[in-house]
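Close look at the chain arrangement
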Amino acid sequence: MITPTLAATSYDRVRNVVAPGNHNPQGAASVFSRMMDQVDAAATGAMTGKAETHDLVQSIAQAEIALETVVAMRDKVVEAYQEILRMPV
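Remember, predicted model here, so these are calculated numbers, not experimental data. (Residues numbered from 1 in each chain as written. Predicted model: local features only at pLDDT ≥ 70, side-chain atom pairs only at ≥ 80, totals over all residues. Heavy atoms only, no water.)

**Some points on the overall build of the protein**
Looking only at helices and strands, one finds three helices and zero strands in the protein. Going from N to C terminus, the protein has its helices and strands arranged as α-α-α. The buried share among the 89 residues of the protein stands at 19%. Taking as baseline every contact in the protein between residues at least 6 positions apart, the subset at least 24 positions apart corresponds to 53%. In the structure as shown, the protein presents an accessible area of about 6,900 Å², 62% of it carried by carbon and sulfur atoms. (Helix = DSSP H or I, 4+ residues; strand = E, 2+ residues; numbered from the N terminus. Buried < 20%, exposed > 50% of the residue type's maximum accessible area, 1.4 Å probe, protein only. Contact = heavy atoms within 4.5 Å. Areas by Shrake-Rupley, 256 points an atom, 1.4 Å probe, with all protein chains shown as cover.)

Rendered as structure tokens:
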């Protein structure tokens, strides 16, 4: 279950990456990549018995929120681009 605290934590992780003036194009990709690495580590730990299943479920939920955030951002960028294309010259 996605809680408001989990959503706020995920937002806080990517807030600095997407802040205006941040010109690091690899920033969002590296945050997402690190999150996926955490999911992989939790999955491996759960399969080998070295980590709790709860940790795996929590990391998957966080990754899902991050993916939904990235997709929503992409959709907004595409929508803005399409609006610009519709503008009369």
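**Concerning the side chain of Ser-59**
As for its position among the elements, Ser-59 is in helix α3 (residues 53-86). Polar side-chain contacts of Ser-59 include one of 2.9 Å to the backbone oxygen of Leu-56. Leaving out residues up to four positions away in the same chain, Ser-59 has contacts with Gln-38, Val-39 and Ala-42. (Polar contact = N/O pair within 3.5 Å; in protein donor to acceptor, adjacent residues only side chain to side chain.)

**Side note on the pattern of salt bridges**
Pairs can form between side chains of opposite charge whenever their charged atoms are close. In total, this model carries two salt bridges according to the counting rule given. With its nearest N and O atoms 2.7 Å apart, the salt bridge here joins Asp-75 to Arg-74. Ionic pairing is found between Arg-86 and Glu-83, a salt bridge with its closest N-O pair at 2.5 Å. Note that Arg-86 and Glu-83 are positioned in helix α3 at a spacing of three residues, about one turn of the helix. A relative accessible area of 55% means that Arg-86 is categorised as exposed. (Salt bridge = Lys/Arg side-chain N within 4 Å of Asp/Glu carboxyl O.)

**Considerations on the confidence of the model for the protein**
Mean pLDDT over the protein works out to 78, with 72% of the residues at or above the 70 mark. The lowest-confidence element of the protein is helix α1 (residues 4-15), averaging 68 in pLDDT; the highest-confidence one is α3, averaging 87. (pLDDT = per-residue confidence, 0-100.)

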